[in-house]
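These are the residues of each chain, in order.
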Amino acid sequence: MAENDIMIKADGLVKIYKTKETEVLALHGLDLIVNTGELTAIIGNSGSGKSTFLNMIGGLDKPSAGALLVDGKNLFTMSEHELIGYKRDTVGFVWQNNGRNLLPYLTALENVMLPMSLSNTGKKHDKAMELLEMVGMAHKKHSRMNMLSGGEQQRIAIAIALANSPKLLLADEPTGSVDHATADYIFDVFTELNRNGQTILIVTHDMALSKKVKRVVAIRDGKISSERVLKEAYADRLKESGIDWRNEDTQEEYAVLDRANRVQIPHELIDSLKLKDNKVTITIKDGEIIIRNPNKEEKEQVKEQ
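A. Expanded view of helix α1 (residues 50–57). In terms of burial, α1 is largely enclosed, as 6 of its 8 residues are buried. Three or more residues of α1 are buried, namely Lys-50, Thr-52, Phe-53, Leu-54, Met-56 and Ile-57. Downstream of α1 by one or two residues, Gly-59 has phi in the positive range, about 80°.

Rendered as structure tokens:
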């Protein structure tokens, strides 16, 4: 694959947070490639490292080791001046907390036009109106934020994030504080943007949203543990109201091998082995890798004798 087809390339990404008393390993050799034009979701429990990773891509934090390239730009070696241009022109950010996107004393239209004043964007009014129309908020263009619901504010936040035509749109829990109907609308906006070529990376806890995304990457303990891919049978049914997206099995899940051929095994599977310690036996039979509890094997052998 050509380098210009890759939007995000994380290579052995490590992030360590230090205090006087302790060190926290937030990312532990994370490897990930996101192609240009993809709509990808990242999921994971609290503390898994997903928000740390998103903040790095957004230029808000720097890795302790490894490499992170976005649109061919190395964020590890970028100067402060280059970083300002990167955050202005390459990435757009939608936060769960609307207060980080919106200025309450400005109207919806003024909020969307504000980022354009930091760039050379022409016809600011026309473009801002086009973006408000895209997110279904053109009729609220003169409204200030205290006149709008949380869902309406989030839609305006998406328009703001797109104001400078970023190559990559980042969304941190974009449906985390809205109702199901608004969440569906926001996802439809993302889907339409992606259909028009926008690369989008979403961090989410929303089960229904994550089950609609064609590619979902799970982070556990600071590295990629698995990927889910939307089944073909559901790919053209995203707007069907009769599908229970929270409970239906819409995706195939695959474990991900790291560069040392290591794989993370879900805790519930390991717990089912009832191990006495951290040792297992691994064999291959008929093309399948089998992991067993060695203590159980010993007991079975004793019984056979």
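B. View of the sheet that holds strand β2 (residues 23–35). Taken in spatial order, the 4 strands line up as β2-β1-β4-β5 in an open sheet, and their pairing is antiparallel. Bordering the open sheet on either side are β2 and β5 (73–74), each of which pairs with just one other strand. Bridge analysis of strand β1 (residues 6–18) against strand β4 (residues 65–70) gives 5 bridges, and the strand direction is antiparallel. What sits directly across from Val-14, in β4, is Ala-65. Across the sheet, α1 touches β1, β2 and β4, and the angle it forms with β1 is around 120°.

C. A look at the packing of aromatic side chains. For the structure on display, the rule yields 2 aromatic pairs. Judged by centre distance (4.0 Å) and plane angle (0°), the rings of Phe-93 and Trp-95 are stacked. Its end group placed over the ring of Tyr-185, Arg-155 keeps NZ or CZ at 4.4 Å from the ring centre.

D. Helix α2 (residues 80–89), seen in detail. If you check which residues of α2 are buried, you get Leu-83, Gly-85 and Tyr-86. With its buried residues spanning 165° around the axis, α2 presents them on a single face. Among the exposed residues of α2, those pointing more than 90 degrees away from its buried face are Glu-80, His-81 and Ile-84. Summarising the contacts, the buried residues of α2 are in contact with α1, β4, β5 and β6 (91–94).

E. Structural context of the packing of helix α5 (residues 150–161) against helix α6 (residues 180–195). With their axes 10 Å apart at the nearest point, α5 and α6 run at an angle of 15° to one another. Looking at the two axes, α5 sits roughly parallel to α6. As for the relative orientation of α5 and α6, their crossing is right-handed in sense. Residues Gly-151, Gln-154, Arg-155 and Ile-158 of α5 touch α6, and the partners they reach there are Thr-182, Tyr-185, Ile-186, Val-189, Phe-190 and Leu-193. Grouping the amino acids of the contact of α5 with α6 by side-chain chemistry returns 6 nonpolar, 3 polar and 1 charged.

About the criteria used
- Residues numbered from 1 in each chain as written.
- Predicted model: local features only at pLDDT ≥ 70, side-chain atom pairs only at ≥ 80, totals over all residues.
- Heavy atoms only, no water.
- Buried < 20%, exposed > 50% of the residue type's maximum accessible area, 1.4 Å probe, protein only.
- Helix = DSSP H or I, 4+ residues; strand = E, 2+ residues; numbered from the N terminus.
- Pairing = 2+ DSSP bridges.
- Contact = heavy atoms within 4.5 Å.
- Axes fitted to C-alpha atoms, helices over the stretch in contact; angles between N-to-C directions.
- Phe/Tyr/Trp six-rings, centres within 6.5 Å; stacked < 30°, edge-to-face > 60°.
- Lys NZ or Arg CZ within 6 Å of the ring centre and 35° of its normal.
- Arc of directions from axis to C-beta.
- Parallel < 35°, antiparallel > 145°, perpendicular 65-115°, else oblique.
- Left-handed = near helix turned anticlockwise from the far one by under 90°.
- Nonpolar A, V, L, I, M, F, W, Y, C, P; charged D, E, K, R; others polar.

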